[in-house]
Structure formats: C-alpha cells, structure tokens
Amino acid sequence: MKTSKPYALLRSGFPYKKSLGMRRLTNHPTSVGIYNSKIYILCRSEGTATIRILTYDDEDLGTIGKYGSDSEEHLLWPNTIKFDKDGNLFISDEGKHKIIILSETGKFIKSWGIKGDKEGQFNRPSGICFTSNGNLIVSDTLNHRIQEYTPDGNFVRQFGENGTDKGQFNMPWGVATDSKDNIYVSDWKTNRIQKFSYANDYIFSIGEKGTNNGFFNQPTYLEVDPHDDLYVSDTFNNRVQQFNENGMYLDKFTGNSSLSKSGIDYLLSNAYPMRLREMTSLEEQKLLRKPRGLAFDNDLNLFICDYWSYRVQIYQKQTIPLKESDISPPIRSSSLLVT
C-alpha cells in the first residue's frame, strides 16, 4: 500500500485494538496478508503448513494451501505471504526453494525456482515484497543476496554477497520497500537493518546485537507503512520496533493482547482451560512471544503475528498530517542516529 505522504506527521498514538485467532485455529502464525477485507494467516510448524482465512470479527472462513512436497502447489516450509495488486498471493517456500503463487481462493497459478546459487535460483528464500512497478524482491537467505523478479518469474537482477561490511549480508531475512522503492533488508546473523536505494546504493544501517532501543536479537520480518515508517520484528527480543525513514527509533510494541473472540468462545465452552487461565498471570499472557510477520491494512492497522501465542495482535496508528506551515524547520542535531 503506497500513498502520497504529508509534509510531516503529528503522531498522536498507536493503541492496541484487538487480537485474532487462538491455539488450534492459528497455530504458529508466521506471516500475514490482507485482501478484500479478509486476513490471511500463514500457519507453519513441523509437519504442517496452511493459510487460515479470518474476518476482522475473528470468524473462521477456512484454509487454503496444502502441506507436502509431491505437487507444485504444495507448501513445505513457507516463510512469507504477500498479495500483489491483483489479488494473487505470492508465497516464499524455504523448503522447496521456490516462489509459489495462489489465487485468493487458493487456486494454484504457478511457481518458479530451484535450489542453487545461479541467477534465478534460491537457497531457502525467506522475505518477499513488491516494488512500485509490481516486481518481486526476494531475500535469498543462504545465498546471502537479494534478487528481483518480474511477477511472471523472470530474473531481473541481484545484489549482495556474504560478509559483514556495508552492502554485504549474513543470512538476510526480511525485505520491505518504501514509497521511493528504497529497499530495507534485515540481516539475521549481524543483527542489523540495512537500507539501500533501488539502484543498490547503501544509505545506512541500524542496529547491533542487544536489548536497548534500536538494538536487535535476530531481526526477521519487516514492513513499511504509507508514511515510510519502518517496523522490525525483533523476534528474540519479543518485540516489534518502529523507526522513521531516517532510521530514528520511535517506539516499540511488546504486546498488550486481550482475548480474541475465538478465544473467549473456546473458554466459555471448556471449563478446564477456563480454570487454568484463572490460575495464571494475566500480565504475561498479553505479551508478544517471538513475533514474526507484519502487515498493514488501508486503515493503518498494524497486524503482528504473535508466533508462540498462536494469535495476531492488531494496533492502530493514529496520526494527523501536517503542512509545512504547521511545524518549524528541521533542527540540526549534533548526534548521529545511524551509521
């Protein structure tokens, strides 16, 4: 979702809104996409993979996608799902070293990719996103590079190599593009996020290993909102961090979940789990546990896959657009926010 940006923003809040899903319904939610007011949740664990479809009211609409390796359409170890503007669902599958495309109803369209390190080949592809012209950016994780393809699967280009210097990668995972087609890459092993222009020019990096704001512990999924704010699933720090387009830390989400509708319905019909909930701390049950995939809808709702809590937490970004006359000119800072 790319829209024109205001001159500046008054960021008035980012409150928790609701949660969707529960254990047995959305086990291990890994990635999330929104299309036609439906929420598609990739659920993946050992020996199973499927895409659960829910409404905003947490009503179950069934699943699409089948687990296995016998057919082109089967999902073996899918990582990320993304809808294109026509409603085609692109899926990166680490286990099959492929990109798989389904319709929004689950009909198989096509797939491409084989294991290898040549152009057009993959070694455990993970994060995917789209450029403004509809091309697909793929994080080719164990080849330590980023590749670009047309929607039909034709190879366009690649950049990156294994290493820790600027422009190098050590197991890149998440990718995201902003309104200018700048490309963000989360580098799993080096605990940093790198930003590049579309022409592959290095712009800056954020982070190193740690628990302070702006530090990471194995960052995974990325998302950019219509204001070009960046969101990072800081998975092993159990949080999602928010940065502006210049790499300045803004906020973090550690979890504030209430019970989902499906969770409430389940507890009301099962006395023993109801008793177990009564015996545990509610504070811990609100928190994010190993967050993964991220997505925004058209109402600036941020969807966070709460992987080990078997749910998706939703937060709503609240802003007021500003004109140039509403805010004083930028103030020069003596401190460097990024490297």
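Trainee: Explanation requested: the sheet that holds strand β16 (residues 183–187) in the structure shown.
Mentor: Backbone hydrogen bonds hold the strands of a sheet together, and the pairing may be parallel or antiparallel. An order of β15-β16-β17-β18 is seen for the four strands of this open sheet, with the pairing classed as antiparallel. Pairing within the sheet leaves two strands with one partner each, and these edge strands are β15 (172–177) and β18 (202–206). Averaged over all adjacent pairs, the angle separating strand axes in this sheet is 20°, with direction ignored. Pairing of β16 with strand β17 (residues 192–196), which is carried by five bridges, proceeds in the antiparallel orientation. Paired with Ile-183 across the two strands is Phe-196, which belongs to β17.

Trainee: For this particular structure, what's the right way to read the pattern of salt bridges?
Mentor: Here the idea is simple: oppositely charged side chains can pair when their charged atoms come close. Within the structure shown, the criterion is met by 19 salt bridges. When the shortest N-O distance is used, the salt bridge between Asp-86 and Lys-85 registers 3.6 Å. Like Asp-86, the residue Lys-85 is exposed in the burial classification. One salt bridge in this structure joins Lys-118 and Asp-117, with 3.5 Å as the shortest N-O distance. A network of salt bridges, in which partner residues are shared, links Arg-11, Asp-225, Asp-229 and Lys-317.

Trainee: Mind showing me how you'd approach the packing of aromatic side chains here?
Mentor: Centre distance and the angle of the planes are the two values used to describe a pair of aromatic rings. If you walk through the whole model with that rule in mind, you get 22 aromatic pairs. Note on Phe-90 and Trp-112: the rings are 6.4 Å apart at their centroids and 75° apart in plane angle, and the pair reads as edge-to-face. Within this pair, whereas Phe-90 is found in strand β8 (residues 89–93), its partner Trp-112 is found in strand β10 (residues 108–112), the two being separated by 22 residues in sequence. Given the relative accessible area of 2%, Phe-90 is considered buried. Their ring planes at 65° and their centres at 5.8 Å tell us that Phe-169 and Phe-196 sit as a pair that is edge-to-face. Residue Phe-169 is located in the loop between β14 (155–159) and β15, and its partner Phe-196 is located in strand β17; the two are separated by 27 residues in the primary sequence. Given a relative accessible area of 2%, Phe-196 falls into the buried group. Each residue in the set Phe-14, Tyr-16, Tyr-231, Phe-253, Phe-296 and Tyr-315 is aromatic and connected to the rest through ring pairs, giving one cluster. Note that Arg-157 overlies the ring of Tyr-198, its terminal NZ or CZ placed 4.2 Å from the centroid. In this structure, Arg-292 is placed above the aromatic ring of Tyr-307, and the distance from its NZ or CZ to the ring centre is 3.9 Å.

Trainee: Sorry, what's going on with the pairing of strand β5 (residues 48–54) here?
Mentor: Of all the seven residues making up β5, six are buried; the element is thus mostly covered by neighbouring parts of the structure. Of the strand pairs in this sheet, strand β4 (residues 38–45) and β5 are connected by seven bridges, and their pairing is antiparallel. Note on β5: the bridge partner recorded for Leu-42 is Ile-51. The turn linking β4 back onto β5 is made up of two residues, and Gly-47 within it adopts a positive phi angle of 85°. Relative to strand β6 (residues 60–64), β5 runs antiparallel, the two being bridged by three bridges. Bridge pairing in β6 places Ile-51 opposite Ile-64. Once β5 ends, the chain turns through five residues before running back antiparallel as β6, passing Asp-58 with a positive phi of about 70°.

Trainee: Just checking my understanding: could you explain the packing of helix α1 (residues 261–268) against helix α2 (residues 271–278) for this structure?
Mentor: Two quantities define a packed helix pair, namely the angle between the axes and the distance from one axis to the other. Viewed as axis vectors pointing N to C, α1 and α2 meet at an angle of 110°, and their least axial separation amounts to 6 Å. Classified by the angle their axes make, α1 and α2 are roughly perpendicular. Counted together, Tyr-266, Leu-267 and Leu-268 of α1 and Pro-273, Met-274 and Arg-277 of α2 form the full contact between these two elements. Tallied by class, the residues present in the contact of α1 with α2 amount to five nonpolar, no polar and one charged.

Trainee: I would appreciate a short explanation of a nonpolar patch on the surface in the present structure.
Mentor: A cluster of nonpolar side chains, namely Leu-259, Ile-264, Leu-268 and Met-274, defines an oily patch on the protein surface of about 340 Å² accessible area. Along the chain, the position of Leu-259 falls in the loop between β22 (249–253) and α1.

Trainee: Could you clarify how one ought to interpret the pairing of β4 in this entry?
Mentor: In terms of residue burial, β4 counts as a mostly covered element, since seven of its eight residues are buried. Note: strand β3 (residues 29–35) against β4, six bridges, orientation antiparallel. By the bridge assignment, Pro-29 is partnered in β4 with Cys-43. What sits between β3 and β4 in their antiparallel hairpin is a turn of two residues, with Asn-36 showing a positive phi close to 50°.

Trainee: How should the sheet that holds strand β2 (residues 16–20) be read in this particular structure?
Mentor: Strand order in the open sheet formed by four strands is β2-β25-β24-β23, and the pairing between neighbours is antiparallel. Each end of this open sheet is capped by a strand with a single partner; those strands are β2 and β23 (291–296). Pairwise comparison of adjacent strand axes, ignoring direction, gives a mean angle of 20° for this sheet. With four bridges connecting them, β2 and strand β25 (residues 311–316) associate as antiparallel partners. What sits directly across from Lys-18, in β25, is Ile-314.

Trainee: Would you mind going over unusual backbone geometry with me for this structure?
Mentor: Excluding glycine, residues mostly have negative phi values, and the peptide bonds linking residues are mostly trans. Although it is not a glycine, Asn-36 sits at a positive phi angle of roughly 50°. As for its position among the elements, Asn-36 is in the loop between β3 and β4. In this model, Tyr-310 sits at a positive phi of 60°, which is unusual for a non-glycine residue. Relative to the helices and strands, Tyr-310 resides in the loop between β24 (301–306) and β25.

About the criteria used
- Residues numbered from 1 in each chain as written.
- Predicted model: local features only at pLDDT ≥ 70, side-chain atom pairs only at ≥ 80, totals over all residues.
- Heavy atoms only, no water.
- Pairing = 2+ DSSP bridges.
- Helix = DSSP H or I, 4+ residues; strand = E, 2+ residues; numbered from the N terminus.
- Axes fitted to C-alpha atoms, helices over the stretch in contact; angles between N-to-C directions.
- Salt bridge = Lys/Arg side-chain N within 4 Å of Asp/Glu carboxyl O.
- Buried < 20%, exposed > 50% of the residue type's maximum accessible area, 1.4 Å probe, protein only.
- Phe/Tyr/Trp six-rings, centres within 6.5 Å; stacked < 30°, edge-to-face > 60°.
- Lys NZ or Arg CZ within 6 Å of the ring centre and 35° of its normal.
- Parallel < 35°, antiparallel > 145°, perpendicular 65-115°, else oblique.
- Contact = heavy atoms within 4.5 Å.
- Nonpolar A, V, L, I, M, F, W, Y, C, P; charged D, E, K, R; others polar.
- Patch = residues over 30% accessible without salt bridge, like charges linked within 9 Å, V, L, I, M, F, W, Y side chains within 5 Å.
- Areas by Shrake-Rupley, 256 points an atom, 1.4 Å probe, with all protein chains shown as cover.

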